[in-house]
2 protein chains.
Amino acid sequence: MARPLRVYVAHLEPGRRELAADAAHYVGDVHRLRAGAAFVAFDPEAALEADARVIAVERRRVVCELETPRPATRLGRLNTELLQAVGKGEKLEEVVRAATALGARSITMVAAERSVARPDESRRTRLRGIAIEAARQSGRGDLPALAGPEPLERALTAYAERRMLKLCLDPRAEMPLVTRIADHPVEASAALLVGPEGGLSPAEIELAVASGFERVALGPLTLRTELAAVIALGCFAARLAGDPA
Amino acid sequence: MARPLRVYVAHLEPGRRELAADAAHYVGDVHRLRAGAAFVAFDPEAALEADARVIAVERRRVVCELETPRPATRLGRLNTELLQAVGKGEKLEEVVRAATALGARSITMVAAERSVARPDESRRTRLRGIAIEAARQSGRGDLPALAGPEPLERALTAYAERRMLKLCLDPRAEMPLVTRIADHPVEASAALLVGPEGGLSPAEIELAVASGFERVALGPLTLRTELAAVIALGCFAARLAGDPA
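Residues numbered from 1 in each chain as written. Chains lettered and ligands numbered in written order. Predicted model: local features only at pLDDT ≥ 70, side-chain atom pairs only at ≥ 80, totals over all residues. Heavy atoms only, no water.

Q: Where do I start with the overall build of chain A in this structure?
A: Secondary structure summary: chain A contains seven helices and twelve strands in total. Taken over the C-alpha atoms alone, chain A extends approximately 60 × 35 × 35 Å along its principal axes. Considering chain A as a whole, with its 245 residues, one finds that 54% of them fall into the buried category. Entry remark: accessible area of chain A is about 11,100 Å², with carbon and sulfur atoms responsible for 52%. Across chain A, 34 positive and 33 negative side-chain charges occur, with their mean positions spaced 3 Å apart. (Helix = DSSP H or I, 4+ residues; strand = E, 2+ residues; numbered from the N terminus. Buried < 20%, exposed > 50% of the residue type's maximum accessible area, 1.4 Å probe, protein only. Areas by Shrake-Rupley, 256 points an atom, 1.4 Å probe, with all protein chains shown as cover. Lys, Arg positive; Asp, Glu negative; His and termini not counted. Charge placed at Lys NZ, Arg CZ, Asp CG, Glu CD.)

Structural data, given as structure tokens:
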């Protein structure tokens, strides 16, 4: 309830500075902070935060004073890496938002057979902004690594060599996800492959299995791909305790 | 992939009939079915479905022939009842959509201290439409019961008498949700209370605990209330196997 306002500030350094336009709008217009008001400046890309105070607000400019940065207190704690096949439209945004709030370690966009979109660099920049906003809302002090897009086959080849729990969502799997992860230590690494709308092709599932991925299900009904990704990550997160602070 | 188109048709009866405007648009304009095309008509409120065939499409009218209805094949299998405190805006819609696709048994809207909106009958009608659409997409042949809005206190009083697993999401709980439900039989009843944006008040949590609800967490980060509700239900659903069909 009484958590201080968190404001994204890149490249934290102690001293006086003017906030960037987005942050100034957020501080001055949305939350109407005035001179003297305290907030926390956070830079999730460096996993740093700093106490800050508004010095002056005038029109679209906000000047503030930053204290010495410290390591962020709450970091993403899910040691889970998401391999998300790219869908169309806003779906990836929804996944990035939730995966960040759940504490996922990385999100790699992969292009599968039935992927519609082929995201480029500009999409990744946009996703980075969404991850920063989700970090702010959730109180997370760092970001998931965003990678890709890369072809599914190449991603699977890279994972074939890695020893960790590797799961692939498959609506026809007989093994329920929660049953499979029951004995997986909470802090241990895991990778999670989620297909695009329409699913992974049989050949892709075969390739994933050959790379050490196990097929798991989220129940008998058909879920939208982004809902499936969010829930699968959520099942990992829901093995962690809350924040007593 | 090759699942037939599912079309919502109220009050299924064998014989010839004209589709309602929404269904006619969906069949004729969105999917461009023509005379002779087969689809499945489903009525999730009665948990029935029937094979159907398009007889004629002309302008905005679609006439079809229905076979004798049969019980729907895939029903919601989560014996979980959601008590969702009402937020503002579209959030409840997101929860109803996901809860239906996950197979939840009921969704009761409750008004908590920090609830902003006070949904009325018209909102419940709208939510019913969203649940029908989610049932169509997910292949579910029935609907969750939609109830409320009612005051949280009254809902808790009703649940106090019921013997079942009763959980209340609390970001400060030390017990992780997945740990708590690990030994709960997959088919057994459960109730799940989720607060509004801003959370349940300390007094409300106390009242829930006094009514037999146990506090569980979904991890240390702060989740939007609708994401928390969806993930909590998802953790129940992810204990079920997939659909091998």
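Q: Looking at this model, I keep getting lost on the nonpolar core. Mind explaining?
A: As a rule of thumb, nonpolar side chains are buried together in soluble globular proteins. Within the largest apolar cluster, 88 residues are counted, with the highest numbers of intra-cluster contacts made by L177 and L218 of chain A together with L177 and L218 of chain B. Among all residues touching L218 of chain B, those that are not within four sequence positions of it are A237, A238 and L240 of chain A together with L169, L177, L223, A228, I231 and A232 of chain B. (Core = buried A, V, L, I, M, F, W, Y, C linked by side-chain atoms within 4.5 Å. Contact = heavy atoms within 4.5 Å.)

Q: Explain the relation of the copies chain B and chain A here, please?
A: What connects the two chain copies is a rotation about an axis and a shift along it. The operation relating chain B to chain A is a screw motion whose rotation component is 180 degrees, with 0.0 Å of axial translation and a residual RMSD of 0.0 Å. Expressed as a symmetry operation, the mapping of one chain copy onto the other fits a two-fold axis. The share of interface residues of chain B whose copies in chain A are also at the interface is 100%, consistent with both copies meeting through the same surface. (Least-squares fit on C-alpha atoms with pLDDT ≥ 70 in both.)

Q: How should I be thinking about the interface of chain B and chain A in this particular structure?
A: Frequently, the measure chosen for interface size is the accessible area that the parts lose on association. Counting residues at the interface gives 45 residues for chain B and 45 residues for chain A. Both faces considered, chain B and chain A share a buried interface measuring about 3,500 Å² in area, 64% of it formed by carbon and sulfur atoms. Looking at the side of chain B facing chain A, the largest losses of area belong to P220, L221 and A238 of chain B, adding up to 18% of the total buried there. For the pair chain B and chain A, the number of links is zero salt bridges. In this structure, the connection of chain B to chain A is made through 16 residue pairs in polar contact (both at pLDDT 80 or more). Of all the elements in the fold, those that place two or more residues in the side of chain B that touches chain A are α2 (91-102), α3 (121-138), α5 (177-181) and α7 (225-237) of chain B. Sorting elements by how many residues they give to the side of chain B that touches chain A places α7 of chain B first, with six residues. A per-class count over the side of chain B that touches chain A returns 24 nonpolar, eleven polar and ten charged. (Buried area = accessible area lost by both parts, 1.4 Å probe. Salt bridge = Lys/Arg side-chain N within 4 Å of Asp/Glu carboxyl O. Polar contact = N/O pair within 3.5 Å; in protein donor to acceptor, adjacent residues only side chain to side chain. Nonpolar A, V, L, I, M, F, W, Y, C, P; charged D, E, K, R; others polar.)

Q: In this structure, what is going on with the side chain of R74 of chain A? I would like to understand it.
A: Position of R74 of chain A relative to the elements: it lies in the loop between β6 (70-71) and β7 (80-85). Relative accessible area serves as the criterion here: at 15%, R74 of chain A is assigned to the buried category. In terms of polar contacts, R74 of chain A uses its side chain to reach the backbone carbonyl oxygen of S138 of chain A, at 3.4 Å. One polar contact links the side chain of R74 of chain A to the main-chain carbonyl oxygen of P220 of chain B, over a distance of 2.7 Å. If near-sequence neighbours (up to four positions away) are discounted, R74 of chain A is found in contact with R3, S138, G139, R140, G141, D142 and D243 of chain A together with P220, L221 and T222 of chain B.

Q: Looking at this model, I keep getting lost on the environment of V110 of chain A. Mind explaining?
A: Residues and elements named next belong to chain A. With respect to the helices, strands and loops of the structure, V110 is situated in strand β8 (residues 106-111). According to the relative accessible area criterion, V110 is buried, its value standing at 0%. Considered as a pair, V110 and L82 are 28 residues apart in the sequence and their alpha carbons are 10.0 Å apart. Excluding its chain neighbours within four sequence positions, the residues that come into contact with V110 are L83, Q84, A85, V86, S115, E150, L152 and A155.

Q: What should I look at first to understand the sheet that holds β7 of chain A in this one?
A: The pairing of strands in a sheet comes from backbone hydrogen bonds and takes either a parallel or an antiparallel form. Residues and elements named next belong to chain A. Read across the open sheet, the six strands follow the order β9-β8-β7-β11-β10-β12; overall the sheet is parallel. Two strands lie at the open edges of the sheet, namely β9 (145-151) and β12 (214-216), each paired on one side alone. With strand direction ignored, the average angle separating the axes of adjacent strands in the sheet is 25 degrees. Inspection of the sheet shows strand β10 (residues 165-169) paired to strand β11 (residues 190-194) by four bridges, in the parallel sense. From the neighbouring strand, L167 faces β11, where its bridge partner is L192. The strands touched by helix α3 (residues 121-138) are β8 and β9; relative to β9, the strand with the most contacts, the crossing angle is about 150 degrees. (Pairing = 2+ DSSP bridges. Axes fitted to C-alpha atoms, helices over the stretch in contact; angles between N-to-C directions.)

Q: I tried to follow helix α6 (residues 202-210) of chain A on my own but got confused; where do I start?
A: Structurally, the α-helix is built with 3.6 residues per turn, so residues lying three or four positions apart point the same way. All names here are of chain A. Those residues of α6 not exposed but buried are E204, I205 and A208. All buried residues of α6 fall inside an arc of 100 degrees around its axis, so they share one side. Along α6, exposed side chains directed more than 90 degrees from the buried face belong to P202, A203, E206 and A210. Against α4 (152-160), β10, β11 and β12 lie the buried residues of α6. One or two positions beyond α6, positive phi appears at G212, with a value near 95 degrees. (Arc of directions from axis to C-beta.)

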